[in-house]
Protein chains: 2
Amino acid sequence: MMQGQPEPDWIGVDWGTTHLRAWAMTADGVELAGADSGMGMASLTRDGFEPALLDLIDPWLSGAPMTVIACGMVGSRQGWVEAPYSAVPCPAIAAAMVAAPITDPRLEVHVIPGIKQLDPPDVMRGEETQIAGFLHLDPGYNGILCLPGTHTKWVRISDGQVSAFRTAMTGEVFACLSQHSVLRHTVAPDGRDGGWDDDAFAEALNDTLSRPEHLATRLFALRADHLLNGTPPGISTARLSGLLIGIELAASRGYWLGQNVTLIGATRLARIYAQALAAQGVPAILADDSAVTQTGLFTAYQALKEPVT
Amino acid sequence: MMQGQPEPDWIGVDWGTTHLRAWAMTADGVELAGADSGMGMASLTRDGFEPALLDLIDPWLSGAPMTVIACGMVGSRQGWVEAPYSAVPCPAIAAAMVAAPITDPRLEVHVIPGIKQLDPPDVMRGEETQIAGFLHLDPGYNGILCLPGTHTKWVRISDGQVSAFRTAMTGEVFACLSQHSVLRHTVAPDGRDGGWDDDAFAEALNDTLSRPEHLATRLFALRADHLLNGTPPGISTARLSGLLIGIELAASRGYWLGQNVTLIGATRLARIYAQALAAQGVPAILADDSAVTQTGLFTAYQALKEPVT
């Protein structure tokens, strides 16, 4: 640790496909310091995980073994160690954590299991920790949690358990089409040449929410509209996002119509979902995703230190 | 030309985004020789078109200026010379061709204009030549032409004219998701690890044809089904194709339900579309796409040599 800072009692890690985030934490679950890197699962072989973690947290280690609690794709088959899925219905963190193979005696790493659903087939890794954190803060919650992102999760919470969930890979489809299809000449996901257009987003969203099949022909129409009418990239980008979130809302109607919905996620994306749901008469609450991730890791740390007898 | 072969009267060129194909032709529209390269529009700057063409057709040139008729993205704003779109309703090749800037005195290059539709916005370049070729062979055709491909076109033909059309970028979405999303671990578009599964294709197609919104959640389910049940790549690939063609058919219902449909395209993809339409009770006819492209270029050559007075 930096001089003058207290030493952490444990370290929490959120280790996804493309990112690695770590926090030095007190025994009470207070963050002392944070660090992150681009060393996600996708860029590592199995024996690369320990060095990648040490690169980030070495300054926080002393001689005694440090407890590290990790969630996310680090526990997948292609990760550091496979932490088998729990099956719904189940608590957010249902099974014991799995220890990762370690060479450095200063480390002790525990990986949180993901959750699976057999029918329809679905999986999550990382989101279960956010759900556990949210339910720790609001234990009586009944309703829907929506976690927007690369793979947006819609999760039904009943009696403190995860009872069902669905994934829409809306964020990834948006990224694929923006970067690798002919639409890369038409949209500007980075915001160049003009900003996001709320009306264009809302109109496109209503289009595929009421007529989801329109997605098939509206995609190329974005390109044609740009060629023929010079439509600015900001408008095309908002339309592409609206078309994709519209069909997602059409598919997940059972998860939001007449339901309590709480959105957990990065602020801008969560606001876009909130705006879309509000337009359907569903007032969604926003919850900070970093806070619920840390709290979820903290509940797993507590369970490890004080196992239920 | 190779020794002993007759000299061509003109050269036809199909110049798309990723490919360049050329044919040495007689005055009667008979192919003498063919050549192709990967020098598509996307890999060329404006002054690269003439050398790329000469690389391919130099053996066919003599001293006298050779007439070259070209169609496709070569006529786009990013192409060799912009050939402005004709607007529907119009004949397949409605406007005069545009001459490309040339330095080699042995060449004379004419580019066929594409077609645009203002509402809903849509464009085509290259397909208009195939349509012209088809209508030259079957002048009385009334009905629908479907040209499956990277950007599948559904085209309404009335009284010998193109009256309306829609584009679904189904092939490009399939390629994007197969190569650049998490589904690249799940599908095998190249056929590795087991073949195409007709039943899986038909089931997925019916799913999104009747409930197009299912596309939003069925994509990630392909991945989850692979992780949880070890579903083979051949089945997942057929399902991905079925989901995407299903929503395309849902969007283009007005173009095939109760219509005469002729499919123009590469054999395997056209057969997949034919199979899908047959399952909806629509018996589509298959037309060879190379033949209609050559015939379309031939009609443009004839019009140049014997302009209507």
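Analysis parameters
- Throughout, residues of each chain are indexed from 1 in the direction in which the sequence is written.
- Labels are handed out in written order, letters beginning with A for the chains and numbers beginning with 1 for the ligands.
- Note on the predicted model: pLDDT of at least 70 is required for a residue's local features to be given, and 80 or more for side-chain atom pairs to be given and counted; whole-chain, interface and lining totals, by contrast, use all residues.
- Hydrogens are left out, water is left out, and the side-chain values use all remaining heavy atoms of the structure.
- Comment: elements are numbered from the N terminus, with helices defined as DSSP H or I runs of at least four residues and strands as E runs of at least two.
- Only C-alpha atoms enter the radius of gyration; for comparison, a globular chain is expected to reach 2.2 Å times N to the power 0.38, where N is the number of residues.
- When accessible area is computed with a 1.4 Å probe and restricted to protein chains, residues below 20% of their type maximum are described as buried, those above 50% as exposed, and intermediate ones as partly exposed.
- Two residues form a contact once any of their heavy atoms are found within 4.5 Å.
- The method behind every accessible area is Shrake-Rupley, applied with a 1.4 Å probe, and residues are considered shielded solely by the protein chains displayed.
- Charged residues are defined here as Lys and Arg on the positive side and Asp and Glu on the negative side; His and the ends of the chain fall outside this count.
- The atom standing in for a charge is NZ when the residue is Lys, CZ when it is Arg, CG when it is Asp and CD when it is Glu.
- A domain assignment, automatic or from a database, supplies the domain bounds used here.
- What gets called buried area is simply the loss in accessible area from a 1.4 Å probe that two parts show on being joined, summed for both.
- The term salt bridge refers to a side-chain nitrogen of Lys or Arg lying within 4 Å of a carboxyl oxygen of Asp or Glu.
- Alignment of copies: least-squares fit on C-alpha atoms of residues with pLDDT of at least 70 in both copies.
- Ring geometry is summarised as follows: Phe, Tyr and Trp rings, the Trp one being its six-membered ring, pair when their centres sit within 6.5 Å, and such pairs are stacked at plane angles under 30 degrees, edge-to-face over 60 and tilted between the two.
- DSSP calls a pair of strands paired once it identifies at least 2 bridges connecting them.
- Structural elements are reduced to axes, namely lines fitted to C-alpha atoms, with helices fitted over the stretch in contact, and the angle between N-to-C directions of any two is expressed from 0 to 180 degrees.
- Left-handed describes a crossing in which the near helix is turned anticlockwise from the far one by less than a right angle; the clockwise case is right-handed.
- Only Asp, Glu, Lys and Arg are considered charged in this grouping, and only Ala, Val, Leu, Ile, Met, Phe, Trp, Tyr, Cys and Pro are considered nonpolar; every other residue, Gly among them, is considered polar.
- Pairs of N or O atoms within 3.5 Å make up the polar contacts considered here, provided that, within protein, one atom can donate a hydrogen while the other can accept it, and that residues adjacent in sequence are counted only when both atoms are side-chain atoms.
- Computed over the protein atoms alone on a 1 Å grid, cavities are sets of points where a 1.4 Å probe fits but cannot get out and pockets are open sets with protein on both sides within 12 Å along at least five of seven lines; a residue lines them when it has an atom within 4 Å of a point.
- Grid points are joined across faces, edges and corners, and a volume is the space filled by probe spheres set on the points.

Some remarks on the overall build of chain A
Stage number 1. The helix and strand inventory of chain A stands at nine helices and 14 strands.
Stage number 2. The C-alpha atoms of chain A give a radius of gyration of 21 Å, which matches the 19 Å a tight globule of 309 residues would have.
Stage number 3. Each of the three principal axes of chain A carries a C-alpha extent, and together these read 65 × 40 × 35 Å.
Stage number 4. Each of the 309 residues in chain A was classed as buried or not, and the buried ones make up 56%.
Stage number 5. Taking as baseline every contact in chain A between residues at least 6 positions apart, the subset at least 24 positions apart corresponds to 66%.
Stage number 6. As displayed, chain A offers around 12,500 Å² of accessible surface, 52% of which is attributable to carbon and sulfur atoms.
Stage number 7. Placing the 19 positive and 33 negative side-chain charges of chain A at their respective mean positions leaves the two points 9 Å apart.

A look at the domain arrangement of chain A
Residue and element names in this part refer to chain A.
Stage number 1. Split by domain assignment, chain A resolves into domain 1 (1-117) and domain 2 (126-309).
Stage number 2. Taking only C-alpha atoms, the centre of domain 1 and the centre of domain 2 are 26 Å apart.
Stage number 3. Contacts between domain 1 and domain 2 engage 31 residues on the former and 23 residues on the latter.
Stage number 4. Summing both partners gives a buried area of about 2,100 Å² for domain 1 against domain 2, and 67% of it is carried by carbon and sulfur.
Stage number 5. Per-residue buried area on domain 1 facing domain 2 is highest for Trp10, Ala92 and Gln117; these three make up 22% of the total on that side.
Stage number 6. One can count zero salt bridges joining domain 1 with domain 2.

Thoughts on the relation of the copies chain A and chain B
Stage number 1. Once chain A is rotated about the relating axis by 180° and shifted along it by 0.0 Å, it coincides with chain B to within an RMSD of 0.1 Å. Look at the turn and shift together and you get a two-fold axis relating the two.
Stage number 2. Both copies contact each other with a shared surface, as 100% of the interface residues of chain A are interface residues in chain B too.

Focus on the packing of aromatic side chains
Residue and element names in this part refer to chain A.
Stage number 1. Taken as a whole and assessed by the stated rule, the structure comprises 14 aromatic pairs over all chains.
Stage number 2. Ring geometry for tryptophan 15 against phenylalanine 49: centres 5.1 Å apart, planes inclined by 55°, an arrangement best described as tilted. Taken together, the positions of tryptophan 15 in strand β1 (residues 10-15) and phenylalanine 49 in helix α1 (residues 49-57) put the pair 34 residues apart, joining distant regions of the chain. Accessibility assignment for this pair places tryptophan 15 and phenylalanine 49 in one class, buried.
Stage number 3. Members of the aromatic cluster, each reached through a chain of ring pairs, are Trp10, Phe298 and Tyr301.

Things to note about the sheet that holds strand β7 (residues 107-111) of chain B
Residue and element names in this part refer to chain B.
Stage number 1. Taking strand neighbours across the sheet as the criterion, the six strands line up as β3-β2-β1-β4-β7-β6 in an open arrangement whose pairing is mixed. For this open sheet the edge positions go to β3 (31-37) and β6 (98-99), each flanked by a neighbour on one side alone.
Stage number 2. Both strand β1 (residues 10-15) and strand β4 (residues 66-71) contribute to a ladder of five bridges, which runs parallel. Within β4, the position partnered with glycine 12 by the bridge is isoleucine 69.

Here we look at the packing of helix α4 (residues 198-210) of chain A against helix α6 (residues 233-251) of chain A
Residue and element names in this part refer to chain A.
Stage number 1. Direction vectors running N to C along α4 and α6 enclose 35°, while the axes themselves pass 7 Å from each other. For the element pair α4 and α6, the recorded crossing hand is right-handed. For the pair α4 and α6, the contacting residues are Ala200, Phe201, Ala204, Leu205, Asp207, Thr208 and Leu209 in the first and Ile235, Ala238, Arg239, Ser241, Gly242, Leu243, Ile245, Gly246, Ile247, Leu249 and Ala250 in the second.
Stage number 2. Grouping the constituent residues of the contact of α4 with α6 by class yields 12 nonpolar, four polar and two charged.

Notes on the interface of chain A and chain B
Stage number 1. Residue-level contacts link 41 residues of chain A with 41 residues of chain B.
Stage number 2. Three residues stand out in chain A for area buried against chain B, namely Met169, Phe220 and Leu228 of chain A, and they jointly supply 18% of the buried area on that side.
Stage number 3. For the pair chain A and chain B, the interface holds zero salt bridges.
Stage number 4. Where chain A touches chain B, the interface holds four residue pairs in polar contact (both at pLDDT 80 or more).
Stage number 5. With 12 residues, helix α5 (residues 215-229) of chain A is the largest single contributor of residues to the side of chain A that touches chain B.
Stage number 6. In terms of residue class, the side of chain A that touches chain B is built from 23 nonpolar, seven polar and 11 charged.

Concerning empty space enclosed by the protein
Stage number 1. Under the counting rule described, the total for this entry stands at one cavity of 30 Å³ or more.
Stage number 2. Approximately 230 Å³ is the volume found for the largest cavity.
Stage number 3. In terms of lining, the largest cavity is formed by 19 residues, of which the most central are Val173, Leu215 and Leu244 of chain A together with Val173 and Leu215 of chain B.
Stage number 4. Counted by class, the lining of the largest cavity contains 17 nonpolar, two polar and no charged residues.

Digging into the environment of proline 84 of chain A
Residue and element names in this part refer to chain A.
Stage number 1. Checked against the element boundaries, proline 84 lands in the loop between β4 (66-71) and β5 (86-87).
Stage number 2. Of the residues examined, proline 84 reaches a relative accessible area of 51% and is grouped as exposed.
Stage number 3. Sequence separation of proline 84 and histidine 226 is 142 residues, and the distance between their C-alpha atoms is 47 Å.
Stage number 4. The contacts of proline 84, once residues within four sequence positions are left out, are Val98, Pro113 and Gly114.

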